[in-house]
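Notes for the structure review
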Amino acid sequence: QVQLVESGGGLVQPGGSLRLSCAASGSRFSIVSMGWYRQAPGKQRELVARIGSGGSTNYADSVEGRFTISRDYARNTVYLQMNSLKPEDEALYYCNTDVHLGTDWRIRGYWGQGTQVTVSS
């Protein structure tokens, strides 16, 4: 099993910045990729950004150029630096990771509990 603990959400004014962190813990796992998703009230969960094991990244069009995803491989931690925040970025942000457990070749996905980002003046 893998546990994900997110932090860094909060209230920020439009145009402000926040940095989200997500640390993965557990035993005998290797991370394939990590990412951030978000879900606003009444909307479906959507991909925000994702980073693969080789460092390749992809972003939602709506955050490209404003958000940056990065990863600390040694700490099994993924970060999301969010700049120039807009009211439409307000949502519950979830961390996700795809891993191999032990020698099992199958990929398993895990989710964090979510951290709230509120963008308001």
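Before any of the text, the structure's been laid out above.
In this text, all values refer to a predicted model and were calculated from it rather than measured experimentally. (Residues numbered from 1 in each chain as written. Predicted model: local features only at pLDDT ≥ 70, side-chain atom pairs only at ≥ 80, totals over all residues. Heavy atoms only, no water.)

**Describing the sheet that holds strand S7 (residues 67–72)**
Worth spelling out the cut-off: Whether two strands pair depends on DSSP finding at least two bridges between them. Only DSSP runs of H or I covering at least 4 residues are called helices, and only runs of E covering at least 2 are called strands; the numbering of each starts at the N terminus. Orientation is described by lines fitted to C-alpha atoms, with helices fitted over the stretch in contact, and by angles between N-to-C directions that extend from 0 to 180 degrees.
Taken together, four strands build an open sheet; the order of strands is S1-S3-S8-S7 and the sheet is antiparallel. What marks the edges here is a single partner per strand, and that holds for strand S1 (2–7) and S7. Direction aside, the axes of adjacent strands within the sheet are offset by 15° on average.

**So, the nonpolar core**
We count it as follows: By convention a nonpolar core is built from buried Ala, Val, Leu, Ile, Met, Phe, Trp, Tyr and Cys residues, the set being connected through side-chain atoms within 4.5 Å. Each residue is placed in one exposure class: buried if its accessible area under a 1.4 Å probe, protein chains only, is under 20% of its type's maximum, exposed if it is over 50%, and partly exposed if it falls in between. By definition in these notes, contact holds between two residues if any of their heavy atoms fall within 4.5 Å.
Of all hydrophobic cores here, the largest spans 31 residues; its most connected members are Met34, Trp36, Leu80, Met82 and Tyr93. Put simply, the parts of the chain that give this core at least two residues each are S1, strand S3 (18–26), strand S4 (29–39), strand S5 (46–52), S7, strand S8 (77–82), strand S9 (91–101) and strand S11 (115–119). Ranked by residue count, the leading element in this core is S9, at five residues. Leave out the neighbours within four places in its chain, and Tyr93 touches Glu6, Leu20, Trp36, Tyr37, Arg38, Val48, Phe67, Leu80, Met82, Gly114, Thr115 and Val117.

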